[in-house]
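Listed below, chain by chain, are the residues.
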Amino acid sequence: MEIWINPACSKCRSAVQLLDAEGAEYTVRRYLEDVPSPDEIRAVLDRLRLEPWDITRTQEADAKELGLKEWPREAGSRERWISALAEHPKLIQRPIITADDGTAVVGRTDEAVRDALGR
């Protein structure tokens with residue numbers, strides 16, 4: 001199990017605390033420092049069964065500068081979104097937990113983190 005976190009994020013800290021409390025074995029990836037490649041983002045999206053715009057923090061300053069809210073949300077724009085996430089990792093929703101069964105969840109709630117633990 002791996003968890004992508006930003007240590008400054010309260011949701012990330014809560015997820016890590018819950019994983020620790022449950023005795024889970026996991027690896028922490030500080031994705032702002034160890035930025036995921038476009039291929040890694042594609043792989044996580046496949047595991048999440050989501051599209052890049054589904055995990056984009058559109059309220060971030062970078063998103064506003066890029067005008068992301070106006071970008072098309074369709075298959076033809078998928079790579080543009082993935083490139084934006086790789087170039088601006090702060091835009092990636094957090095925390096993302098990749099479960100042992102090959103799936104992933106966005107662990108913003110205790111329920112989602114527990115769901116990952118049960119996989």
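Up top is the structure.
In this report, the structure presented in the accompanying data block is examined. Just so we're clear, the structure is a prediction, and the values are computed from it rather than from any experiment.

With that settled, the discussion passes to the overall build of the protein chain. Each helix and strand counted, the protein chain has 5 helices and 4 strands in total. Since a compact globule built from 119 residues should have a radius of gyration of about 14 Å, the 14 Å found for the protein chain is in line with a globular shape. Principal-axis analysis of the C-alpha atoms gives the protein chain an extent of 40 × 25 × 25 Å. Split into buried and exposed, the 119 residues of the protein chain put 44% on the buried side. Here the contacts in the protein chain between residues at least 6 apart in sequence split such that 61% fall between residues at least 24 apart. Put simply, the protein chain shows about 6,400 Å² of open surface, and 42% of that area lies on carbon and sulfur atoms. Separation of charge centres in the protein chain, based on 18 positive and 23 negative side chains, amounts to 5 Å.

Parameters at a glance
- Residues numbered from 1 in each chain as written.
- Predicted model: local features only at pLDDT ≥ 70, side-chain atom pairs only at ≥ 80, totals over all residues.
- Heavy atoms only, no water.
- Helix = DSSP H or I, 4+ residues; strand = E, 2+ residues; numbered from the N terminus.
- Rg over C-alpha atoms; globule rule 2.2 N^0.38 Å.
- Buried < 20%, exposed > 50% of the residue type's maximum accessible area, 1.4 Å probe, protein only.
- Contact = heavy atoms within 4.5 Å.
- Areas by Shrake-Rupley, 256 points an atom, 1.4 Å probe, with all protein chains shown as cover.
- Lys, Arg positive; Asp, Glu negative; His and termini not counted.
- Charge placed at Lys NZ, Arg CZ, Asp CG, Glu CD.

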